[in-house]
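# An overview of the molecular structure
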Amino acid sequence: MEAIKQHQGLVFPLNRSNIDTDQIIPKQFLKRIERTGFGQFLFFNWRFDDEGNERADFALNEPKYENSTVLIAGENFGCGSSREHAPWALLDYGFKVIIAPSFADIFYNNSLKNGIIPIKMEEVQLNKWMEQAETGRLVLDINLLEQTITDQENLIVPFDIPEYHKEKLINGWDDIALTLLHQEKIEQFENSL
């Protein structure tokens, strides 16, 4: 997992609530066994028509959102099934940060485990950023060390994140890397058998 202490990125506004994991990555694309390659299928049914052509009415297909790395969405983001493929698709597409009023619990934890920073934000501020990103170009600077988001007007907004997950993200530790921090003790135990 890539370490992340600070991230500055272009915002893509997805002004929808209750975006479930099947909308994030439809079930027909879950046949891969590796974690990569899912980004091309992100929001597939919204981004493409039945013939596979980009839909002009889905904002992520607009050139102004090309290379967006921060996603702002409505409440209950990531609801539905518990598929870990959803954060894999978002990360593979290039999103590093997701800001929403609330997240489905399993999606929230899967995001943290895979190197995405999910940030819960009050709707009043989120709606201001949503409007700015829809009508213009919005870049946010997320500082995980300070737990702050700074916008283009130098407004600084604090956010909460569990300390355990913050430490894992800052150091780039997934669950395996965290276990390997104790490799010497593991080897000592194995040798004692």
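The present account deals with the structure reproduced in this document. These numbers were taken from a predicted model, which means no experiment stands behind them. (Residues numbered from 1 in each chain as written. Predicted model: local features only at pLDDT ≥ 70, side-chain atom pairs only at ≥ 80, totals over all residues. Heavy atoms only, no water.)

## Concerning the side chain of Asn110
This is how it is decided: Going along the chain from the N terminus, every DSSP run of H or I of four or more residues is numbered as a helix, and every run of E of two or more is numbered as a strand. Between buried and exposed lies partly exposed: a residue is buried under 20% and exposed over 50% of the maximum accessible area for its type, with that area taken using a 1.4 Å probe on protein chains only. We call two residues in contact whenever any of their non-hydrogen atoms come within 4.5 Å of each other.
Tracing the sequence through the fold places Asn110 in helix α4 (residues 105–113). Look at Asn110 and you get buried, because its relative accessible area is 10%. Aside from chain neighbours lying at most four places away, what touches Asn110 is Ser82, Arg83, Glu84 and Pro87.

## Considerations on the packing of aromatic side chains
To keep things clear, this is the line we draw: Pairing of aromatic rings covers Phe, Tyr and the six-membered ring of Trp, with a centre-to-centre limit of 6.5 Å; geometry is then stacked below 30 degrees between planes, edge-to-face above 60, and tilted otherwise. Two conditions define a charge sitting above a ring: the NZ of Lys or the CZ of Arg must be within 6 Å of the ring centre, and it must be within 35 degrees of the ring normal.
In the structure shown here, the tally under the stated rule is 16 aromatic pairs. Between Phe12 and Tyr65, the ring centres sit 5.3 Å apart and the planes meet at 75 degrees, which makes this aromatic pair edge-to-face. Pair noted here: Phe12 is in strand β1 (residues 6–14) and Tyr65 is in the loop between α2 (44–47) and β2 (70–73), with a separation of 53 residues, a long-range link. Judged by relative accessible area, which is 0%, Phe12 ranks as buried. A relative accessible area of 4% means that Tyr65 is categorised as buried. Pairing Phe103 with Tyr108 gives two aromatic rings, centres 5.8 Å apart and planes at 45 degrees, and the pair type is tilted. Tyr108 shares its class with Phe103; the two are buried. The rings of Phe12, Phe43, Trp46, Phe58, Tyr65, Tyr93 and Phe95 are connected pair by pair, giving a single aromatic cluster. Cation over ring: Arg16 sits above Trp46, and NZ or CZ is 4.1 Å from the ring centre.

## Considerations on the nonpolar core
The tendency in soluble globular proteins is for nonpolar side chains to be buried as a group. What counts here: Definition used in this section: a nonpolar core is a set of buried Ala, Val, Leu, Ile, Met, Phe, Trp, Tyr and Cys residues joined via side-chain atoms within 4.5 Å.
Among the nonpolar cores identified, the biggest contains 54 residues, and Phe43, Phe77, Leu90, Ile99 and Leu140 are the most heavily contacted of them. Setting aside anything within four residues of it in sequence, one finds Ile99 in contact with Val70, Leu71, Ile72, Ala73, Ile119, Met121, Leu126, Leu140 and Ile149.

## Digging into α4
Taken together, the buried positions of α4 are occupied by Phe107, Tyr108, Asn110, Ser111 and Leu112. Phi for Gly115, located one or two positions after α4, is positive at around 95 degrees.

## Remarks on the packing of helix α3 (residues 85–93) against α4
Threshold: In this analysis an axis means a line fitted to C-alpha atoms, helices contributing only their contacting stretch, and an angle means the value between N-to-C directions, from 0 to 180 degrees. Working rule for angles: under 35 degrees goes down as roughly parallel, over 145 as roughly antiparallel, 65 to 115 as roughly perpendicular, anything else as oblique. Crossings are sorted by hand: turned counterclockwise from the far helix by less than a right angle, the near helix makes the crossing left-handed, and turned clockwise it makes it right-handed. In this classification, Asp, Glu, Lys and Arg are treated as charged, Ala, Val, Leu, Ile, Met, Phe, Trp, Tyr, Cys and Pro as nonpolar, and every other residue, Gly included, as polar.
For the pair α3 and α4, interaxial distance at closest approach is 9 Å and the crossing angle is 50 degrees. Here α3 lies oblique to α4, going by the angle between them. As α3 runs across α4, the sense of the crossing is right-handed. Seen from α3, the contacting residues are Ala86, Pro87 and Leu90; seen from α4, they are Phe107, Asn110 and Ser111. Across the contact of α3 with α4, the residue classes tally to four nonpolar, two polar and no charged.

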